Amino acid sequence: MTRRKKLVFGMVGVVIIGAAAVLYSTTRPSGPAFIDPADQSLVMQGKAIYANNCAACHGEALQGQPNWRERMSNGRLPAPPHDKSGHTWHHPDAMLVDMVKNGLVPGKTAPPGYVSDMPAYRDILSDQETIAVLTYIKSTWPPKVLEAQKEVTLQRQN
């Protein structure tokens, strides 16, 4: 085989491998199977992102807004806590990522007809930043709460 043919075959191989990688990355679920808060550097990154993007509504200590279960005068609910007292840990990771990226979407991540003040962060936070924020939030939960949320996450993947 001539050197030129080897070069052409090599280039074709690179293109095929690249196309396979793109196809794989677009067909597999995005993000990890379970967002594990063990990575302290990711927790610290998430804490800073949370402080800049989430704390104004959900509280610096993840405590949520006062009376978060009672509707405001506009009919909407205040921002809930993300600590163990809230319901964040009742949701699987894929839903939490979706809520951060797209806000609360009626019929998908919220009841039909639900209106929320939760903004969509898909154009503000990268996928990695979204994972970091959730890693930080989850790092504050006690082991039993984290284990319960992990179970919900892994059950929803099957």
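Calculation notes
Residues numbered from 1 in each chain as written. Predicted model: local features only at pLDDT ≥ 70, side-chain atom pairs only at ≥ 80, totals over all residues. Heavy atoms only, no water. Salt bridge = Lys/Arg side-chain N within 4 Å of Asp/Glu carboxyl O. Helix = DSSP H or I, 4+ residues; strand = E, 2+ residues; numbered from the N terminus. Buried < 20%, exposed > 50% of the residue type's maximum accessible area, 1.4 Å probe, protein only. Contact = heavy atoms within 4.5 Å. 1 Å grid on protein atoms, 1.4 Å probe; cavity = no way out; pocket = protein on both sides within 12 Å on 5 of 7 lines; lining within 4 Å. Points joined across faces, edges and corners; volume = space filled by probe spheres on them. Nonpolar A, V, L, I, M, F, W, Y, C, P; charged D, E, K, R; others polar. Disulfide = S-S within 2.5 Å. Phe/Tyr/Trp six-rings, centres within 6.5 Å; stacked < 30°, edge-to-face > 60°. pLDDT = per-residue confidence, 0-100. Core = buried A, V, L, I, M, F, W, Y, C linked by side-chain atoms within 4.5 Å.

### Some remarks on the pattern of salt bridges
Inspection of the entire model under this criterion finds four salt bridges. Here Asp 117 makes a salt bridge to Arg 76, at a shortest N to O gap of 2.5 Å. Residue Asp 117 is located in the loop between α4 (93-102) and α5 (127-139), and its partner Arg 76 is located in the loop between α3 (55-58) and α4; the two are separated by 41 residues in the primary sequence. You can call Asp 117 partly exposed: its relative accessible area is 43%. Here Lys 138 ties to Asp 93 by a salt bridge, and the two come within 2.8 Å at their closest N and O atoms. Of this pair, Lys 138 sits in helix α5 while Asp 93 sits in helix α4, and the two are 45 residues apart along the sequence. Side by side, Lys 138 and Asp 93 carry an identical accessibility label, which is buried.

### Quick notes on the side chain of Lys 138
Overall, Lys 138 belongs to the buried group, its relative accessible area being 1%. The residues contacting Lys 138, other than those within four sequence positions of it, are Phe 34, Ile 35, Pro 37, Asp 93, Leu 146 and Gln 149.

### Section: the layout of surface pockets
One number sums up the size of the largest pocket: a volume of about 740 Å³. His 58, Pro 80, Leu 104, Ser 116 and Met 118 are the residues nearest the centre of the largest pocket, which is lined by 36 residues in total. Elements that contribute at least two residues to the lining of the largest pocket include exactly α3, α4 and α5. Partitioning the lining of the largest pocket into residue classes produces 23 nonpolar, nine polar and four charged.

### Points about the state of the cysteines
This structure, assessed with the given rule, holds zero disulfides. Among the cysteines around Cys 54, which has no disulfide bond, Cys 57 carries the closest sulfur, lying 8.8 Å off. On the basis of relative accessibility, which here comes to 41%, the residue Cys 57 falls in the partly exposed class.

### With respect to the packing of aromatic side chains
Two descriptors summarise a pair of aromatic rings, namely the distance from one centre to the other and the angle between the planes of the rings. Throughout the structure, instances matching the rule amount to one aromatic pair. With a centroid separation of 5.5 Å and an interplanar angle of 55°, the aromatic rings of Tyr 50 and Tyr 136 are classed as tilted. Residue Tyr 50 is located in helix α2 (residues 40-53), and its partner Tyr 136 is located in helix α5; the two are separated by 86 residues in the primary sequence. The pair formed by Tyr 50 and Tyr 136 is uniform in burial state, with each residue classed as buried.

### A short note on the confidence of the model for the protein chain
Residues with a pLDDT of 70 or more make up 79% of the protein chain, whose mean pLDDT is 84. Low pLDDT, under 50, characterises residues 6-29; the predicted model gives this stretch two contacts beyond four residues in sequence or across chains.

### Quick word on unusual backbone geometry
Even without a glycine there, the phi angle at Leu 62 is positive, about 65°. Relative to the assigned elements, Leu 62 resides in the loop between α3 and α4. Taking the relative accessible area as the measure of exposure, Leu 62 reaches 3% and is therefore buried. Residues other than glycine seldom take positive phi values, yet Asn 67 does so here, at roughly 55°. Tracing the backbone through its elements, the reader meets Asn 67 in the loop between α3 and α4.

### Examining the nonpolar core
Of all hydrophobic cores here, the largest spans 24 residues; its most connected members are Tyr 50, Leu 125, Val 133, Leu 134, Tyr 136 and Ile 137. At the level of secondary structure, the elements contributing two or more residues to this core comprise α2, α4, α5 and α6 (143-157). At six residues, α5 tops the list of elements feeding residues into this core. Setting aside residues up to four positions removed in sequence, Leu 134 forms contacts with Ile 35, Leu 96, Val 97 and Val 100.

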